[in-house]
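# Architecture at a glance
The residues making up each chain are set out below.
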Amino acid sequence: MATGLAMNRCSISLIRTADTLLNRPTVSVVRSLKLSRRLIGNCSMATAPFVVADDEKYGNKQVISLTPRIYDYVLSNVREPKILRKLREETAKMRGSQMQVSPDQGQLLAMLVQILGAEKCIEVGVYTGYSSLAVALVLPESGCLVACERDSNSLEVAKRYYELAGVSHKVNVKHGLAAESLKSMIQNGEGSSYDFAFVDADKRMYQDYFELLLQLVRVGGLIVMDNVLWHGRVADPMVNDAKTISIRNFNENLMADERISISMVPIGDGMTICRKR
Ligand SMILES: C[S@@+](CC[C@H](N)C(=O)[O-])C[C@H]1O[C@@H](n2cnc3c(N)ncnc32)[C@H](O)[C@@H]1O
């Protein structure tokens, strides 16, 4: 049986029972999570993983391992604007360049902004501006991105690129601690007026940023959280440093948060897309 994760015997047999009762083949076994939850009863769903397909020929639906070759192929299929490439190449020579989002992530952020038809956006954690520029480039002329960053040196690079790209009129740079900037935006009556937010700053503040952004984003708007896989450490029970625990707890909270719909996407270091309900 092809499984995304190993499934316990109790779950499998009960789900098979469900399939028999419904007179259907045990193909996509957990089609109805509600049904399986009812039938599983005492078996813990907290640890019971999902079986996606019952047929080897369709693969096990895990994310394929991105070998360097496959990732190169992914990158060769990213339409990275020249100005973003230039910024990426300049940033590559700087300290902290590993913090920058990857071109495929930048493209996804831009795509989400376009799908939403977003006009008002927020970024928490700008660094030299790659992700914020990716967003600003696709905003309409009337659009605005509030870009929060505490480091003045990296902000200088970001501002130079906003100018070079001809989007500086769309970017409102807030130099300082991001939580303070977000709180003052709420106090200014800007609640529920933003369409899109991207968070890529200090990990131990994720829950605080999320709570503040949930006040600033409108119903139907998106909050995208970066680094939710934390280089895979969140999934390793042996890793329990403060940052890993913080992101792991944050992910758990998102999973239980009824105020949003979520989708954890294994791109870059993992991004969770949250849609405010
Ligand atoms: C991972 S980098 C952001 C990378 C950026 N999104 C990009 O694609 O290039 C995180 C940034 O968050 C900033 N930062 C960390 N803590 C912050 C805080 N409390 N307030 C504002 N900025 C913060 C850091 O200075 C750093 O530049």
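In this text, all values refer to a predicted model and were calculated from it rather than measured experimentally. (Residues numbered from 1 in each chain as written. Predicted model: local features only at pLDDT ≥ 70, side-chain atom pairs only at ≥ 80, totals over all residues.)

### Let's talk about the overall build of the protein
In terms of helices and strands, the protein carries 10 helices and seven strands. If you take every contact in the protein between residues at least 6 apart in sequence, the share linking residues at least 24 apart comes to 71%. (Helix = DSSP H or I, 4+ residues; strand = E, 2+ residues; numbered from the N terminus. Contact = placed C-beta atoms within 7 Å.)

### Comments concerning the pairing of strand 6 (residues 260–265)
Bridging between strand 6 and strand 7 (residues 271–276) involves six bridges; their strand directions are antiparallel. Its bridge partner lying in strand 7, S261 is registered against R275. The hairpin formed by strand 6 and strand 7 contains five residues between the paired strands, and G268 there has a positive phi angle of roughly 60 degrees. (Pairing = 2+ DSSP bridges.)

### Considering the sheet that holds strand 7
Strand order in this open sheet of seven strands is 3-2-1-4-5-7-6, and the pairing throughout is mixed. A strand with exactly one partner marks an edge of an open sheet, and here the two such strands are strand 3 (171–175) and strand 6. Strand-to-strand, the axes of this sheet are offset by a mean angle of 15 degrees, without reference to chain direction. Bridge analysis of strand 2 (residues 144–149) against strand 3 gives five bridges, and the strand direction is parallel. Following the sheet pairing, C148 is matched in strand 3 by K174. Most of the contacts of helix 7 (residues 152–165) go to strand 3, to which it runs at about 170 degrees, and overall it touches strand 2 and strand 3. (Axes fitted to C-alpha atoms, helices over the stretch in contact; angles between N-to-C directions.)

### Considerations on the site of the ligand
Around the ligand sit 19 residues in total, of which M99, G125, Y127, S131 and A178 are the nearest. Mapped onto the shell around the ligand, the elements with two or more residues apiece are helix 6 (130–138) and strand 2. The residue inventory of the shell around the ligand, partitioned by class, reads nine nonpolar, five polar and five charged. (Near = placed C-beta within 6 Å. Nonpolar A, V, L, I, M, F, W, Y, C, P; charged D, E, K, R; others polar.)

### Observations concerning the environment of M94
You can see M94 is positioned in the loop between helix 4 (82–91) and helix 5 (103–116). Of the residues examined, M94 has 14 C-beta atoms within 10 Å and is grouped as partly exposed. M94 sits 60 residues away from S154 along the chain, and the two C-alpha atoms are 9.4 Å apart. (Buried ≥ 20, exposed ≤ 12 C-beta atoms within 10 Å, placed from the backbone.)

### A word on the nonpolar core
Counting residues in each nonpolar core, the largest one holds 59 residues, and the members touching the most others are C121, A197, L213 and I223. It is helix 9 (residues 206–216) that contributes the most residues to this core, six residues altogether. The contacts of C121, once residues within four sequence positions are left out, are V113, V135, L139, L145, Y194, D195, F196 and A197. (Core = buried A, V, L, I, M, F, W, Y, C linked by C-beta atoms within 7 Å.)

### Observations regarding helix 5
An ideal rise of 1.5 Å per residue puts 20 Å on 14 residues; helix 5 measures up with 20 Å between its terminal C-alpha atoms. The complete set of buried residues in helix 5 reads P103, Q105, G106, Q107, L108, L109, A110, L112 and V113. Phi for G117, located one or two positions after helix 5, is positive at around 65 degrees. (Expected span 1.5 Å × (residues − 1).)

### Some details on unusual backbone geometry
Phi angles above zero are rare outside glycine, and Y127 is one such case at about 55 degrees. Among the structural elements, Y127 can be located in the loop between strand 1 (120–124) and helix 6. In this structure Y127 comes out as buried when scored by C-beta crowding, with 23 C-beta atoms within 10 Å.

### Brief notes about the pairing of strand 1
Across the five residues of strand 1, five count as buried, placing the element largely inside the fold. Of the two faces of strand 1, the one holding K120, I122 and V124 and the one holding C121 and E123 are both buried throughout. The pairing of strand 1 with strand 2 spans five bridges and is parallel. Within the sheet, the bridge partner assigned to I122 lies in strand 2 and is V146. Between the parallel elements strand 1 and strand 2, the chain passes through helix 6 in a crossover that is right-handed. The pairing of strand 1 with strand 4 (residues 194–199) spans four bridges and is parallel. Each bridged residue has a counterpart across the sheet, and for I122 the counterpart in strand 4 is A197. (Right-handed = clockwise from strand over helix to strand, strands pointing away.)

### Concerning the environment of E258
Topologically, E258 is positioned in the loop between helix 10 (242–256) and strand 6. Residues E258 and K276, 18 residues apart in the sequence, show an inter-C-alpha distance of 9.3 Å.

### Quick notes on the packing of helix 6 against helix 7
For the pair helix 6 and helix 7, the least separation of the axes is 10 Å and the interaxial angle reads 25 degrees. Put simply, helix 6 runs roughly parallel to helix 7. Regarding helix 6 and helix 7, the two cross each other, and that crossing is right-handed. Contacts between helix 6 and helix 7 pair S132, L133, A136 and L137 from the former with A158, Y161, Y162 and A165 from the latter. Along the lines of polarity and charge, the residues of the contact of helix 6 with helix 7 split into seven nonpolar, one polar and no charged. (Parallel < 35°, antiparallel > 145°, perpendicular 65-115°, else oblique. Left-handed = near helix turned anticlockwise from the far one by under 90°.)

Function cannot be read off these values alone, since they describe shape.
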